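Breakdown of the fold
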Amino acid sequence: MNIYVLLKRTFDTEEKITVANGAIQEDGAEFIINPYDEYAVEEAIQIRDAKGGEVTVVSVGSEESEKQLRTALAMGADKAVLINTEDDVEGGDQFTTAKILAEFLKDKDADLIIAGNVAIDGGSGQVGPRVAEQLNIPYVTTITKIEIDGEQATITRDVEGDSEVIEASLPLLVTAQQGLNDPRYPSLPGIMKAKKKPLEELELDDLDLDEDEVEAKTKTLDIFLPPKKEAGRVLEGDLSDQVRELVNVLHKEAKVI
Ligand SMILES: Cc1cc2nc3c(=O)[nH]c(=O)nc-3n(C[C@H](O)[C@H](O)[C@H](O)COP(=O)(O)OP(=O)(O)OC[C@H]3O[C@@H](n4cnc5c(N)ncnc54)[C@H](O)[C@@H]3O)c2cc1C
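These numbers come from a predicted model, not from an experiment.

Applying the stated criterion across every chain yields a total of 1 cavity of 30 Å³ or more. Approximately 40 Å³ is the volume found for the largest cavity. In terms of residue class, the lining of the largest cavity is made up of 4 nonpolar, 2 polar and 4 charged.

Okay, structure coming up:
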């Protein structure tokens with residue numbers, strides 16, 4: 001099985017995020033593998049171990065993404081590819097990322113491509129499906145289980161808490177949902193081995209892509225944090241007074257009824 005994992009470096013949303021001049025401040029932010037992509041790496045490794053083959057992790061980003069790619073190699077992936085867009089593209093969007101990834105993947109004879117369901121920063125959930133559309137292969141999103149038998153995959157996907165079972169043929173792209181597996185931590189020998197595993201670096205030129213072919217289709221006008229929550233109000237007095245007051249507040253202040 002020739003398996004590719006699409007891996008995004010994201011900032012850790014568990015940490016405090018600062019926004020200034022309409023942009024998220026990267027100074028002091030912690031960067032991690034997008035958590036859904038950890039499920040993708042883990043699943044790819046498990047499928048390779050069961051069926052044989054190779055796992056390649058690929059990321060579009062800057063040189064800084066090398067760290068997250070090395071972590072995936074330490075988990076057990078075989079090869080990594082960094083498509084470095086730092087000098088060529090400014091302000092890309094989901095179209096940009098998907099176009100670059102699809103261009104890279106188009107002649108790779110991938111049997112299975114695994115992406116995350118969503119990036120915890122950009123959060124559009126578009127990159128996986130866009131890549132599959134461009135490669136003209138089937139895709140199944142938010143998967144929680146996959147079994148492969150020959151050229152057929154039987155997949156369980158999460159549908160807002162319910163499950164749906166789908167059959168699809170390879171080559172196939174799936175996006176990983178929480179619950180697919182328990183991603184392993186890189187072991188010490190894994191970290192040592194990862195240092196020697198191949199990490200190829202490509203630029204747009206290597207993919208025969210021009211800057212204008214990957215120009216963003218959307219423009220981000222503003223980024224801001226949600227307004228601070230104000231302190232709650234506790235109603236007091238008789239229950240009937242409280243109910244009257246609550247209706248009054250919902251009607252006149254909150255204007256929701
Ligand atoms: C050259 C370039 C410049 C950019 N500049 C800006 C900018 O100025 N401001 C800004 O806010 N954002 C910028 N971005 C990021 C971009 O807007 C999106 O965050 C990105 O396209 C992915 O969309 P998403 O976060 O909604 O991912 P989703 O579609 O939610 O991600 C789903 C899955 O797709 C895969 N995936 C997503 N992104 C990548 C990736 N980069 N590499 C490999 N796999 C991936 C992962 O498997 C991920 O789990 C830039 C991106 C590029 C390529």
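There is more to say, and it comes next.
Our focus in this paragraph is the sheet that holds strand 1 (residues 2–6). Strand order in this open sheet of 9 strands is 11-10-9-12-8-1-6-7-13, and the pairing throughout is mixed. This sheet does not close on itself; its edge strands, each paired only once, are strand 11 (162–169) and strand 13 (199–202). Mean inter-strand twist for the sheet, computed between neighbouring axes without regard to direction, equals 30°. Across 8 bridges, the pairing between strand 10 (residues 152–159) and strand 11 is antiparallel. Paired with Gln152 across the bridge in strand 11 is Ser169. Its contacts with the sheet put helix 2 (residues 66–75) on strand 6 (54–61), strand 7 (79–84) and strand 13, and the angle it makes with strand 7 is roughly 165°. Along the sheet, helix 4 (residues 127–135) contacts strand 1, strand 8 (112–116), strand 9 (139–149) and strand 12 (172–176); its crossing angle with strand 12, the most-contacted strand, is approximately 180°.

Let us look at a nonpolar patch on the surface. Among the surface-exposed residues, Leu239, Val243, Val247, Val256 and Ile257 lie close enough to one another that they form a single nonpolar patch of about 490 Å² accessible area. One can find Leu239 in helix 6 (residues 239–252).

Looking at the ligand, there are 27 residues lining it, with Leu6, Lys8, Asp37, Thr97 and Ser124 nearest. Here an oxygen atom of the ligand and a backbone polar atom of Gly116 are 2.8 Å apart. Isolated, the ligand exposes 920 Å² of accessible area, and the fraction of that covered by the protein chains is 80%. Its atoms largely coinciding with the cavity grid, the ligand occupies the largest pocket.

Per the counting criterion, the structure on display carries 3 aromatic pairs. Taking the centre distance of 6.5 Å and the plane angle of 80° together, the rings of Phe11 and Phe31 count as edge-to-face. Here Phe11, found in strand 2 (residues 9–11), pairs with Phe31, found in strand 5 (residues 31–33); they are 20 residues apart in sequence, far enough to count as distant. On the accessibility criterion, Phe11 (11% relative accessible area) is buried. For the pair Tyr36 and Tyr39, a centre-to-centre distance of 6.2 Å together with 55° between the ring planes defines the contact as tilted. Residue Tyr36 and its partner Tyr39 are located together in helix 1 (residues 35–51), separated by 3 residues, close to a single helical turn. Judged on exposure class, the residue Tyr36 and its partner Tyr39 are both buried. The side chain of Arg9 reaches across the aromatic face of Phe31, ending 3.7 Å from its centre. Positioned above the aromatic ring of Phe104 is the side chain of Lys108, whose terminal nitrogen or guanidinium carbon lies 4.2 Å from the ring centre.

With respect to the helices, strands and loops of the structure, Ile83 is situated in strand 7. Here the alpha-carbon distance between Ile83 and Asp210, two residues 127 residues apart in the chain, equals 14 Å. Not counting residues within four places of it along the chain, the set of residues in contact with Ile83 comprises Val58, Ser59, Val60, Gly61, Ile100, Phe104, Leu202 and Leu207.

Turning next to the pattern of salt bridges. Pairs can form between side chains of opposite charge whenever their charged atoms are close. Under the counting rule described, the total for this entry stands at 13 salt bridges. Between Arg48 and Asp78 there is a salt bridge, and its shortest N-O distance comes to 3.0 Å. Of this pair, Arg48 sits in helix 1 while Asp78 sits in the loop between helix 2 and strand 7, and the two are 30 residues apart along the sequence. Residue Arg48 is classed as buried on the basis of its relative accessible area of 13%. Taking relative accessible area as the criterion, Asp78 reaches 24% and is therefore assigned partly exposed. We note a salt bridge from Glu147 to Lys145, for which the minimum N-O separation is 3.7 Å. Through salt bridges that share partners, Arg48, Asp49 and Asp78 make up one connected network.

Basis of the calculations
Residues numbered from 1 in each chain as written. Predicted model: local features only at pLDDT ≥ 70, side-chain atom pairs only at ≥ 80, totals over all residues. Heavy atoms only, no water. 1 Å grid on protein atoms, 1.4 Å probe; cavity = no way out; pocket = protein on both sides within 12 Å on 5 of 7 lines; lining within 4 Å. Points joined across faces, edges and corners; volume = space filled by probe spheres on them. Nonpolar A, V, L, I, M, F, W, Y, C, P; charged D, E, K, R; others polar. Pairing = 2+ DSSP bridges. Helix = DSSP H or I, 4+ residues; strand = E, 2+ residues; numbered from the N terminus. Axes fitted to C-alpha atoms, helices over the stretch in contact; angles between N-to-C directions. Contact = heavy atoms within 4.5 Å. Patch = residues over 30% accessible without salt bridge, like charges linked within 9 Å, V, L, I, M, F, W, Y side chains within 5 Å. Areas by Shrake-Rupley, 256 points an atom, 1.4 Å probe, with all protein chains shown as cover. Salt bridge = Lys/Arg side-chain N within 4 Å of Asp/Glu carboxyl O. Near = heavy atom within 4 Å. Polar contact = N/O pair within 3.5 Å; in protein donor to acceptor, adjacent residues only side chain to side chain. Sits in = over half its atoms within 2 Å of the grid points. Phe/Tyr/Trp six-rings, centres within 6.5 Å; stacked < 30°, edge-to-face > 60°. Buried < 20%, exposed > 50% of the residue type's maximum accessible area, 1.4 Å probe, protein only. Lys NZ or Arg CZ within 6 Å of the ring centre and 35° of its normal.

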